Amino acid sequence: MLILTRRVNETIVIAGGITITVLEIKGGQVRIGIDAPETVPIHRGELIEKARKEAKNEDQS
């Protein structure tokens, strides 16, 4: 895992035309913006994990 320190309005560029920008830092939350080609799916990690757990539970039923 790569760990970086960024300030508001600073960006991280990832191969494939993906740019992540820190928009706001407030308390314990960081707002980010992601600019990526339409062909690149972007999902929140916790939602993917929830869907995996639900699918696993359905398979066990």
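Structure: above.
Residues numbered from 1 in each chain as written. Predicted model: local features only at pLDDT ≥ 70, side-chain atom pairs only at ≥ 80, totals over all residues. Heavy atoms only, no water.

Caption draft 1: Structural context of the overall build of the protein chain. A count of helical and extended segments in the protein chain gives one helix and three strands. The C-alpha radius of gyration computed for the protein chain amounts to 16 Å, which surpasses the reference 10 Å derived for 61 residues by more than 25%, pointing to a less compact arrangement than a globule. Each principal axis of the C-alpha atoms in the protein chain carries an extent, and together these give about 45 × 30 × 20 Å. Residue burial in the protein chain is summarised as follows: out of 61 residues, 5% are buried. Put simply, the protein chain shows about 5,700 Å² of open surface, and 53% of that area lies on carbon and sulfur atoms. (Helix = DSSP H or I, 4+ residues; strand = E, 2+ residues; numbered from the N terminus. Rg over C-alpha atoms; globule rule 2.2 N^0.38 Å. Buried < 20%, exposed > 50% of the residue type's maximum accessible area, 1.4 Å probe, protein only. Areas by Shrake-Rupley, 256 points an atom, 1.4 Å probe, with all protein chains shown as cover.)

Caption draft 2: Fine view of the pattern of salt bridges. Throughout the structure, instances matching the rule amount to five salt bridges. Put simply, E10 and R6 hold a salt bridge, and the shortest N to O gap is 3.7 Å. The partly exposed category is assigned to R6, whose relative accessible area is 33%. Close ionic contact of E46 with R44 constitutes a salt bridge, the shortest N to O distance being 2.7 Å. Each of the salt bridges in this network shares a partner with another, and the network as a whole consists of E24, K26 and R31. (Salt bridge = Lys/Arg side-chain N within 4 Å of Asp/Glu carboxyl O.)

Caption draft 3: Expanded view of the sheet that holds strand 1 (residues 11-14). In spatial order, the strands read 1-2-3; together these three strands make up an open sheet with antiparallel pairing. Both outer strands of the open sheet, strand 1 and strand 3 (29-35), are each paired with one neighbouring strand and no more. Here the average twist between neighbouring strands, direction ignored, is 25°. (Pairing = 2+ DSSP bridges. Axes fitted to C-alpha atoms, helices over the stretch in contact; angles between N-to-C directions.)

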